[in-house]
Amino acid sequence: MGKKSYSSSAWRGWRYFEPRYYMKRPKRLALVLVVCISVTWLVYDRQSLNREHQEDIFRLKEEVTRLQNTLENIKSHMKGPAESIQNDEKINKFHEGVYVEDDPISIQRREKVKDAMIHAWTSYEKFAWGKDELKPQSMNGVDSFGGLGATLVDSLDTLFIMGLDAQFKRAREWIAKSLYFNKNIEVSVFETTIRVLGGLLSAYDLSGDKVFLEKARDLADKLLPAWDTPSGIPFNRINLAYGNTSNPRWTRGNSILADSGSEQLEFIALSQRTKDPKYHQKAEKVIKELQRTFPEDGLLPIYLNPLTGTKSAGSITFGAMGDSFYEYLLKAWIQGNKTEVVQFYREMWETSMRGLQSLIRKSTPSSFTYISEKLGNALFDKMDELACFVPGMVALGSSGYGPGEADKFMSLAEELAWTCYNFYQSTPTKLAGENYYFREGEDMSVGTSWNIQRPETIESLFYLWRFTRNKTYQEWGWDIFQAFEKNSRIETGYVGLKDVTTGAKDNMMQSFFLAETLKYLYLLFSPPSVIPLDEWVFNTEAHPLRIVTRNSRQEGLSVDQEEKFPHHLHGRKEGRMDYK
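Residues numbered from 1 in each chain as written. Predicted model: local features only at pLDDT ≥ 70, side-chain atom pairs only at ≥ 80, totals over all residues. Heavy atoms only, no water.

Peer 1: Quick question: what am I supposed to make of the overall build of the chain here?
Peer 2: Scanning the chain from terminus to terminus reveals 20 helices and 18 strands. Within the chain, the proportion of its 580 residues that are buried is 57%. Total accessible area on the chain is roughly 24900 Å²; 53% of this is exposed by carbon and sulfur atoms. (Helix = DSSP H or I, 4+ residues; strand = E, 2+ residues; numbered from the N terminus. Buried < 20%, exposed > 50% of the residue type's maximum accessible area, 1.4 Å probe, protein only. Areas by Shrake-Rupley, 256 points an atom, 1.4 Å probe, with all protein chains shown as cover.)

Below is the structure:
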């Protein structure tokens, strides 16, 4: 009896799984189907909600960081974070390919810098569109560099990196329709190269838009006659329409070291992109000429004779008129991916670094490390703010040394950066003067008291933060940015200061404020995967250029085969005299 009861009960339970049962009872079949569909929908809906929740978090994060546009635009031009990690033990301090998660403070600060860029750019668009520079107080533009839209071209890569797509597109349209170079104007070869040619090449490397490369090649062809000298050392000024060349009268016919030795990155990059070797051959011949008689300490005077190639009398300095020559020795080696073809650049740079150490002094009583200047056999205890690019350069080059030497140079970089930061902190406005004197027992005192929004100290803080991950350098950079916001920002743009002691304002927004100062500040608070230094090298106007391996086969003909101060100087690297 019990067995029969058990079997009957079991059978009655299993019958609900038999299709025959429901075929005779359509209402129950409909109910089951409704239940199944409801359960399926509920499970799917919860999964969908979970996915949507995750997507919302992702979108919110992307909106907060404001990096989505930048990463999407350059995705095809940059390696993934994992692919960028350096394997060489000699450069294990370089973490450029390692993604570092944003922290809230960096996000907020980066957005503040971006807001500053929007304010500067909007003011330029409104009052000086197409002009070289904006005069914010009088709300008009001025053609400081021959009318080539210097601020517009200089700002292209900053706009791109910050994800300001609408502004970038408007600038691109102006370049395509309105920028041309067949003008009867005399321009600085150097300033035109680093600002305009460098800006166009960087915009091409970032965006892939060939209009920038075409304009770059057109400009370079106009500049090339400057190198047609017996020594290969270029004249520093040229008429774009007729190719007439000259040097400023105050140089007594000489060319300037920084002007002549700081076009290699741009012209090498142009040859690589166009597959035409004539550009890099012209620019590299200058370095080969200087290499022939390179001094044991690697330090050159600021004047060169373009006819004979000899070094004329002049001061030796890492400041105005000398600075970027040493910078490009290192960066041309990096740009070529450190191959044998470019090893001579590195060797010359290391020689110059031995000479740099002979200029290092310490102040009293606080032992600030500074770089003195040399005239003849005499040292002068003066350092330009321009020379504050040196800490970043030394940090960038330290990895090429063995462990002991690398540590020594990194320590020097950090000591110099502390001095440069104090150039800012030592004034009432917290903005640095143009140069400083170090007198016995006085540490540092302002020499020339204006500030024209220079980027060099921030540039070095950017490099040191990238290599050390020490957030102190971000804090210093934030202090400097706040000082610019307090003293330089006005309703119609940003201005410099006539006097960093009184805070009296000038009437100029320098193109390099947008191209360099704000860009380096933005990158200082960005993850290191944005423009990683194992894939990009910055020219002296902060325009990032792609690193491309150089070898003799790719370049066709081997380049190894030998073939009184001014009253007013406007250029960033030349400094300014008789400033008003």
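Peer 1: I keep staring at helix α9 (residues 189-207) and nothing clicks. Help me out?
Peer 2: The end-to-end C-alpha distance of α9, which contains 19 residues, comes to 26 Å, matching closely the 27 Å that a straight helix rising 1.5 Å per residue would cover. Along α9, the helix axis deviates most sharply at Gly198, where the bend reaches about 30°. Counting buried positions over the 19 residues of α9 gives 18, a clear majority of the element. Phi turns positive one or two residues past the end of α9, at Gly208, with a value near 75°. (Expected span 1.5 Å × (residues − 1). Bend = angle between axes of the 7 residues up to and from the residue.)

Peer 1: Whenever I open this one, the pattern of salt bridges confuses me. Can you help?
Peer 2: Note that side chains of opposite charge can pair when their charged atoms are close. Evaluation of the coordinates by the stated rule reveals 25 salt bridges. Of the charged contacts, one joins Lys471 and Asp103 as a salt bridge, the two residues approaching to 3.3 Å between their closest N and O atoms. Residue Lys471 is located in the loop between α18 (456-468) and α19 (472-487), and its partner Asp103 is located in the loop between α4 (68-74) and α5 (104-128); the two are separated by 368 residues in the primary sequence. Where Arg217 meets Asp276, a salt bridge forms, and the shortest distance between an N and an O atom there is 2.9 Å. Within this pair, whereas Arg217 is found in helix α10 (residues 210-223), its partner Asp276 is found in the loop between α12 (264-274) and α13 (278-292), the two being separated by 59 residues in sequence. Connected through shared salt-bridge partners, Arg172, Glu173, Lys177 and Asp209 make up one network. (Salt bridge = Lys/Arg side-chain N within 4 Å of Asp/Glu carboxyl O.)

Peer 1: Help me out: how do you make sense of the sheet that holds strand β12 (residues 382-384) in this one?
Peer 2: Hydrogen bonds between backbone atoms are what pair the strands of a sheet, whose relative direction is either parallel or antiparallel. The antiparallel open sheet is built from 3 strands, whose spatial order is β12-β13-β14. Among the strands making up the open sheet, the edge pair consists of β12 and β14 (445-446). With 2 bridges joining them, strand β13 (residues 435-437) and β14 adopt antiparallel strand pairing. Across the sheet, residue Tyr436 finds its bridge partner in β14, namely Val446. (Pairing = 2+ DSSP bridges.)

Peer 1: Looking at this model, I keep getting lost on the nonpolar core. Mind explaining?
Peer 2: Generally speaking, a soluble globular protein has its nonpolar side chains buried in company with each other. Judged by nonpolar contacts, the single largest core of 148 residues is most densely connected at Phe318 and Met393. In terms of residues, this core owes the most to one element, helix α17 (residues 403-425), which gives 11 residues. Excluding anything up to four places from it in sequence, Met393 contacts Phe318, Tyr326, Glu327, Leu330, Trp349 and Met353. In this structure, Trp250, Ile256, Ile302 and Met321 belong to the second largest nonpolar core, which totals 5 residues. (Core = buried A, V, L, I, M, F, W, Y, C linked by side-chain atoms within 4.5 Å. Contact = heavy atoms within 4.5 Å.)

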